[in-house]
Amino acid sequence: MDEEAKKDASESSFGVRTWKEKILHVLKQNLLVILLILALALGIGIGAGVRQVDPPFDKRQQMYLKFPGEILMNLLKLLILPLIVSSLISGMTTLDSKSSGKIGGAAVVYYLTTTLVAVITGIVLVIAIEPGSKGGEKDTSDQEKRKVEAADTFLDLIRQMFPDNIVEACFSKRLTKLKPRIRNLTVEEMKGTNKTTTTEYDPVLEQTGGINMLGLVTFSIAMGIAINKLGEKGKALKEFVEAMCDATMLLVSAVIWYSPIGVLFLVASQIVGMDDPEKMFEQLGYYFLTVMAGLAVHGFLTLPLLYFVFVRKNPYRFMTGILQAMFTALGTSSSSATLPITMRNLQENNNIDPRVISFVAPVGATINMDGTALYEAVAVIFIGQVRGLDMDIGNIITICLTSTAAAIGAAGVPQAGLVTMVLVLTAVGFPTEDVGLILAVDWLLDRFRTMVNVMGDSFGAGIVQKVAQGDLKKMDYEEVTGNADNSQKDSHNGDVNRVDSVFSVEQQTPGTVVSKM
């Protein structure tokens, strides 16, 4: 027995756990997922049970049942502004003098291109499959149509990118609406018709409620660049924004831990208020398959194809080198928590230059969210299809651009996409309460879209290294000949050491979200 005890103690000292410790470790790591699953099951059960009550719940009782879920939605909306502004500014300040201009430029172009391609992929699939139209007639009740041209919507987007008041952009934006006007017909116009008047529509700009997301994104990017230009003078402001970003992420994490309670009552109230639950669950199944199909196409076809075109190497061999990061993303549902493992895999398994990793991976974990962008576009159009809302070309363009911009501002923490989802819904005038329709499967989709986010960051590192290969060799030559600033080399080595440090902390405290490098 003494020998066995010594053996167990020895194994424990080397990190080998007993089966009980493994179970507790798994439960601790996936506690939020377990709570969400229980909340979904209870919500469905409570909603189904309440539907059997006679007399059925009236509108007031449904409102009371929904109240805890409304608190969750309010908290998510509350965090939109600080999350997007601090995350974007903080991400842009990473583009400092330590990174080559070509590396930074190639990375940003890659981020924007792949995110936009992901959104377009999702939009094509959701329009082709029409998951929200499956299982019955559309719900067109309470639908408000805004008669505008596609050109009006396009000009609105550009106008919103350059607001005249940044404070006002936090709670309102200008939209083009067509105001009806009665005009008397001339004698010539009345020939062959019994009408004496006609209705014409004049375009007018109206201030409407809702965050001007595009304006804030433009301002945040410009502010991040300006802080970099200040150099040492901007250090205090940079640290302040980074602290604000970290604090906001902590608040998001706290809200996410409240989410099981909110989800329970949102799902229960949604089921109670459904006219036909069977149709809704059928639609939800099609929605889940649509998102998964889009993620599969983007993650296993589009990204590998881009890598092959630029690098001319086997993308699937590259993918095997980041399998640990992919499965970590699947388990933690956080690209920020996966960041240390991603950087380690890129350097040790795929031989990516540490200078490329130190820029591409952290910034990518902040602003490169291909899976999130695809999911948001599909979810918003799905909600529009379920409610029978207007899905003209103007709204499609708005969803495309807003989903791309919103994904850039999404933090790399579990289910942060729910925060920006509310924003995209608001941008096209869809009911934000319908987020409850997709929460039933969001916890699972969140893991797969996070995995695609990490894959996008990793393939980006390989592509950027290939594009900037000449600059990297030049920097190596300057370092060898002593013409380069030695402090730059030390800073890159420091970045790698910080990765190792954070990785060790992550191992010691499972579930900790790494928000900054």
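Calculation rules
- Residues numbered from 1 in each chain as written.
- Predicted model: local features only at pLDDT ≥ 70, side-chain atom pairs only at ≥ 80, totals over all residues.
- Heavy atoms only, no water.
- Helix = DSSP H or I, 4+ residues; strand = E, 2+ residues; numbered from the N terminus.
- Buried < 20%, exposed > 50% of the residue type's maximum accessible area, 1.4 Å probe, protein only.
- Areas by Shrake-Rupley, 256 points an atom, 1.4 Å probe, with all protein chains shown as cover.
- Core = buried A, V, L, I, M, F, W, Y, C linked by side-chain atoms within 4.5 Å.
- Contact = heavy atoms within 4.5 Å.
- Phe/Tyr/Trp six-rings, centres within 6.5 Å; stacked < 30°, edge-to-face > 60°.
- Lys NZ or Arg CZ within 6 Å of the ring centre and 35° of its normal.
- Patch = residues over 30% accessible without salt bridge, like charges linked within 9 Å, V, L, I, M, F, W, Y side chains within 5 Å.
- Salt bridge = Lys/Arg side-chain N within 4 Å of Asp/Glu carboxyl O.
- Expected span 1.5 Å × (residues − 1).
- Polar contact = N/O pair within 3.5 Å; in protein donor to acceptor, adjacent residues only side chain to side chain.

**Quick look at the overall build of the protein chain**
The helix and strand tally for the protein chain stands at 21 helices and 2 strands. Across the 517 residues that make up the protein chain, the buried fraction comes to 47%. Counting every atom, the protein chain has about 24900 Å² of accessible surface; 60% of that belongs to carbon and sulfur.

**Examining the nonpolar core**
Residues Tyr287, Val380 and Met421 are the most contacted members of the largest nonpolar core, which totals 52 residues. Tallying contributions element by element places helix H16 (residues 370-387) first for this core, with 11 residues. Once residues lying within four places of it in the same chain are set aside, the contact partners of Val380 are Ile399, Met421, Val424, Leu425, Val428 and Phe430. In terms of nonpolar packing, the next biggest core, distinct from the first, is built from 47 residues, Leu88, Ala325, Ile341 and Ile367 among them.

**What about the packing of aromatic side chains?**
Summed over all chains, the structure comprises 5 aromatic pairs. Considering the side-chain rings of Tyr307 and Phe318, the 4.7 Å spacing of their centres and the 40° angle between planes classify their relative orientation as tilted. With Tyr307 in helix H11 (residues 277-311) and Phe318 in helix H12 (residues 315-320), the pair connects residues that are 11 residues apart, well separated along the chain. A relative accessible area of 5% means that Tyr307 is categorised as buried. By the ring-pair criterion, three or more aromatic residues cluster together here, those being Tyr307, Phe318 and Phe459. Here the guanidinium or amino end of Arg312 rests over the ring plane of Phe308, the centre of that ring lying 5.7 Å away.

**Considerations on unusual backbone geometry**
Both trends apply: most residues other than glycine have a negative phi, and most peptide bonds are in trans. Non-glycine residue Arg312 carries a positive phi angle of around 65°. Summarising the element assignment, Arg312 is placed in the loop between H11 and H12. A residue is classified by how much of its surface remains accessible, and Arg312, at 61% relative accessible area, is exposed. Its identity is not glycine, yet Asn351 carries a phi of approximately 55°, on the positive side. Positionally, Asn351 belongs in the loop between helix H14 (335-348) and helix H15 (354-367).

**Comments concerning a nonpolar patch on the surface**
Together, Leu305, Phe308, Val309, Phe310 and Val467 line one region of the surface with nonpolar side chains, adding up to about 430 Å² of accessible area. Residue position: Phe310 is located in helix H11. The partly exposed category is assigned to Phe310, whose relative accessible area is 42%.

**Describing helix H9 (residues 213-230)**
Relative to the 26 Å expected for 18 residues at 1.5 Å per residue, H9 spans 26 Å between its end C-alpha atoms, a close match to the ideal helical length. Of all the positions in H9, only Met213, Leu214, Gly215, Leu216, Val217, Ser220, Gly224 and Ile227 are classed as buried. Just downstream of H9 lies Gly231, where phi reads positive at about 70°.

**With respect to the side chain of Thr450**
Note on placement: Thr450 falls in helix H19 (residues 439-467). When its relative accessible area of 4% is taken as the criterion, Thr450 is described as buried. At 2.7 Å, the side chain of Thr450 and the backbone oxygen of Asp446 are in polar contact. Non-local contacts of Thr450, meaning those with residues more than four positions away in its chain, are made with Ala329, Ser333, Ser334 and Ser335.

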